[in-house]
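Chains, contacts and geometry: an overview
What follows is the residue order along each chain.
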Amino acid sequence: MKIKSERDFWSGLMFVVVGVIFAVGAMNYSMGPACPTGSPCASGFYARFSQLSAHPGAGYFPLGLSLLLVVLGAVVLFKALTIESEGGDAIGAFAWRPLLVIVAAIAVFGAMLEPLGLALTIPVLIVIVSLAGDEFHWKGVAVNAVVLTVGSWAIFVWGLKLTIPVWPRFVG
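This text gives an overview of the structure that appears in the document. This one's a predicted model, so the numbers in the text were calculated from it and none came from an experiment. (Residues numbered from 1 in each chain as written. Predicted model: local features only at pLDDT ≥ 70, side-chain atom pairs only at ≥ 80, totals over all residues. Heavy atoms only, no water.)

On inspection of all chains with the given rule, the structure shows 1 salt bridge. Here K79 and D8 are joined by a salt bridge, their closest N and O atoms 2.6 Å apart. With K79 in helix α3 (residues 60-82) and D8 in helix α1 (residues 6-26), this residue pair connects regions lying 71 residues apart in the sequence. The class of D8 is buried, set by a relative accessible area of 16%. (Salt bridge = Lys/Arg side-chain N within 4 Å of Asp/Glu carboxyl O. Helix = DSSP H or I, 4+ residues; strand = E, 2+ residues; numbered from the N terminus. Buried < 20%, exposed > 50% of the residue type's maximum accessible area, 1.4 Å probe, protein only.)

Next up on the list: unusual backbone geometry. If you check the backbone angles, K161 has positive phi at about 60° while not being a glycine. If you trace the backbone, K161 turns up in the segment after α6 (138-159).

Here we come to the packing of helix α5 (residues 118-130) against α6. It is the contact of α5 with α6, at a shortest axis distance of 9 Å, that shows an interaxial angle of 140°. By the angle class used here, α5 and α6 are oblique. In this structure, the crossing between α5 and α6 has a hand that is right-handed. Across the interface between the two elements, L118, A119, I122, P123, I126, V127 and S130 of α5 pack against W138, V141, N144, A145, L148, T149, S152, W153 and V157 of α6. Class assignment for the residues of the contact of α5 with α6 results in 12 nonpolar, 4 polar and no charged. (Axes fitted to C-alpha atoms, helices over the stretch in contact; angles between N-to-C directions. Parallel < 35°, antiparallel > 145°, perpendicular 65-115°, else oblique. Left-handed = near helix turned anticlockwise from the far one by under 90°. Contact = heavy atoms within 4.5 Å. Nonpolar A, V, L, I, M, F, W, Y, C, P; charged D, E, K, R; others polar.)

The next point concerns the nonpolar core. Counting residues in each nonpolar core, the largest one holds 8 residues, listed as L113, L118, I122, I126, V141, A145, V157 and V166. Among the elements of the structure, α5 and α6 are those that each provide at least two residues to this core. Those residues in contact with A145 that lie beyond four places of it in its chain are I122, P123 and I126. (Core = buried A, V, L, I, M, F, W, Y, C linked by side-chain atoms within 4.5 Å.)

Right, let's get into the packing of helix α4 (residues 96-116) against α5. Contact geometry of α4 with α5 gives a least axis separation of 9 Å together with a crossing angle of 170°. One finds that α4 runs roughly antiparallel with respect to α5. Contact residues: V101, A105, I106, V108, F109, M112, L113 and L116 in α4; L118, L120, T121, I122, V124, L125, I128 and V129 in α5. Looking at the contact of α4 with α5 residue by residue, the class counts come to 15 nonpolar, 1 polar and no charged.

This is the structure we're talking about:
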């Protein structure tokens, strides 16, 4: 079997491997309430599935996402092995700078969130992450920082009621 797109092949393989690893990890969590033997929910697959959907456990969502990732990876792998691409779609040089900058930004975000709060940490994160690309414009970074800070506050603090510090400790 000949690989017709090197880029799609390795991407699909990565999706499948990561999906399988996370699916195995998700199996350690509860999928939802178990059906007693005489219960109507134990009568068939659809009944059992509908009960799980009504009361999912901690492993239900991660398992579903990881299986979806495996299916997506399989589709990309199939495409890489069947559809001819121009020049074999070879993989180029690895982009180390963006990878390291983004990983560093996530680490800085994790270290800064508790003491400095969401209002200061997200703009710092946006500035650091924007340094990963080749183009940097302060106006775009500032707009992104404001929109993402307000959006994060609206979703996580106001909407989901998560106990994330919004302001730095020294403010109150």
